[in-house]
Amino acid sequence: FTREDVPDVAALLLGSGMSGFPTERRTLEVYLAGAIGAFPFGTYLVGVLNGEVVATVGVSFNADTRRKFTTLAPPVDEAYLSDLTVLEERRGGGLGVAMLRGAEAFARAMKSDEMWLHVALKKPKVCALYADNGYSVAGIDPG
């Protein structure tokens, strides 16, 4: 993940409809640029096909490199996956699984035994992606 990736990753995240991001492009780009200096404690992985950014996923390894959670906070010393996003017209072709595998490999290389994440239960396809790849529900946020 480099400074050159920031505009394309911002466009991908903004176009995904995911919540939790600044909705103003410049603000999101500043947020993402801040993630560059967080390596190796956190970074974004970027999937590129034919020169186009088509997928991204965030991985962090401490509480300073992830969003703050008031409930269901992941363990501070374990890997946390966030923002797995695939360009809409590229979904269904295995890119989400490839990015998930890349994030898991990165976490193993960083000596993290577990991967934590939050997912909106109102997104059954996303929930199925994680369940089909061995993830289970550790808790449900009542909010």
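Presented here is an overview of the structure given in this document. (Residues numbered from 1 in each chain as written. Predicted model: local features only at pLDDT ≥ 70, side-chain atom pairs only at ≥ 80, totals over all residues. Heavy atoms only, no water.)

## Considerations on the pattern of salt bridges
Turning to step 1, where the next piece is worked out: On inspection of all chains with the given rule, the structure shows four salt bridges.
Turning to step 2, where the next piece is worked out: The residue Arg 101 makes a salt bridge to Glu 104 at a minimum N-O spacing of 2.9 Å. With a gap of three residues between them, Arg 101 and Glu 104 both fall in helix α3 (residues 95-109), about one helical turn apart.
Turning to step 3, where the next piece is worked out: A relative accessible area of 39% places Arg 101 in the partly exposed class. (Salt bridge = Lys/Arg side-chain N within 4 Å of Asp/Glu carboxyl O. Helix = DSSP H or I, 4+ residues; strand = E, 2+ residues; numbered from the N terminus. Buried < 20%, exposed > 50% of the residue type's maximum accessible area, 1.4 Å probe, protein only.)

## Focus: the packing of aromatic side chains
Turning to step 1, where the next piece is worked out: Applying the stated criterion across every chain, the model contains four aromatic pairs.
Turning to step 2, where the next piece is worked out: For the pair Phe 1 and Tyr 44, a centre-to-centre distance of 5.5 Å together with 50° between the ring planes defines the contact as tilted. Placement of the pair is Phe 1 in the segment before α1 (6-16) and Tyr 44 in strand β1 (residues 42-49), with a sequence separation of 43 residues.
Turning to step 3, where the next piece is worked out: Seen in terms of ring centroids, Phe 39 and Phe 106 are 6.1 Å apart; in terms of plane orientation they differ by 15°. Their pairing is stacked. You can see Phe 39 sitting in the loop between α2 (25-36) and β1 and its partner Phe 106 sitting in helix α3, a full 67 residues away along the chain.
Turning to step 4, where the next piece is worked out: Given a relative accessible area of 15%, Phe 106 falls into the buried group.
Turning to step 5, where the next piece is worked out: Members of the aromatic cluster, connected to one another through ring pairs, are Phe 39, Phe 61 and Phe 106. (Phe/Tyr/Trp six-rings, centres within 6.5 Å; stacked < 30°, edge-to-face > 60°.)

## Looking at the pairing of strand β2 (residues 52-60)
Regular strands place their side chains on alternate faces of the sheet.
Turning to step 1, where the next piece is worked out: Among the nine residues of β2, eight are classified as buried, and the element is accordingly described as predominantly covered.
Turning to step 2, where the next piece is worked out: Here β1 pairs with β2 via eight bridges, running antiparallel. Counted as the bridge partner of Val 48 is Val 53 from β2.
Turning to step 3, where the next piece is worked out: Where β2 meets strand β3 (residues 79-86), five bridges bridge the pair, whose relative direction is antiparallel. Bridge pairing links Ala 55 to Val 86 in β3. (Pairing = 2+ DSSP bridges.)

## Points about the pairing of β3
Turning to step 1, where the next piece is worked out: Of all eight residues in β3, eight are buried, a share of seventy percent or more.
Turning to step 2, where the next piece is worked out: Where β3 meets strand β4 (residues 115-116), two bridges bridge the pair, whose relative direction is parallel. Pairing of Ala 79 across the sheet is with Met 115, part of β4.

## Some points on a nonpolar patch on the surface
Turning to step 1, where the next piece is worked out: A cluster of nonpolar side chains, namely Val 119, Leu 121, Val 126, Val 137 and Ile 140, defines an oily patch on the protein surface of about 440 Å² accessible area.
Turning to step 2, where the next piece is worked out: You can see Leu 121 is positioned in the loop between β4 and α4 (124-132).
Turning to step 3, where the next piece is worked out: With relative accessibility at 53%, the residue Leu 121 sits in the exposed group. (Patch = residues over 30% accessible without salt bridge, like charges linked within 9 Å, V, L, I, M, F, W, Y side chains within 5 Å. Areas by Shrake-Rupley, 256 points an atom, 1.4 Å probe, with all protein chains shown as cover.)

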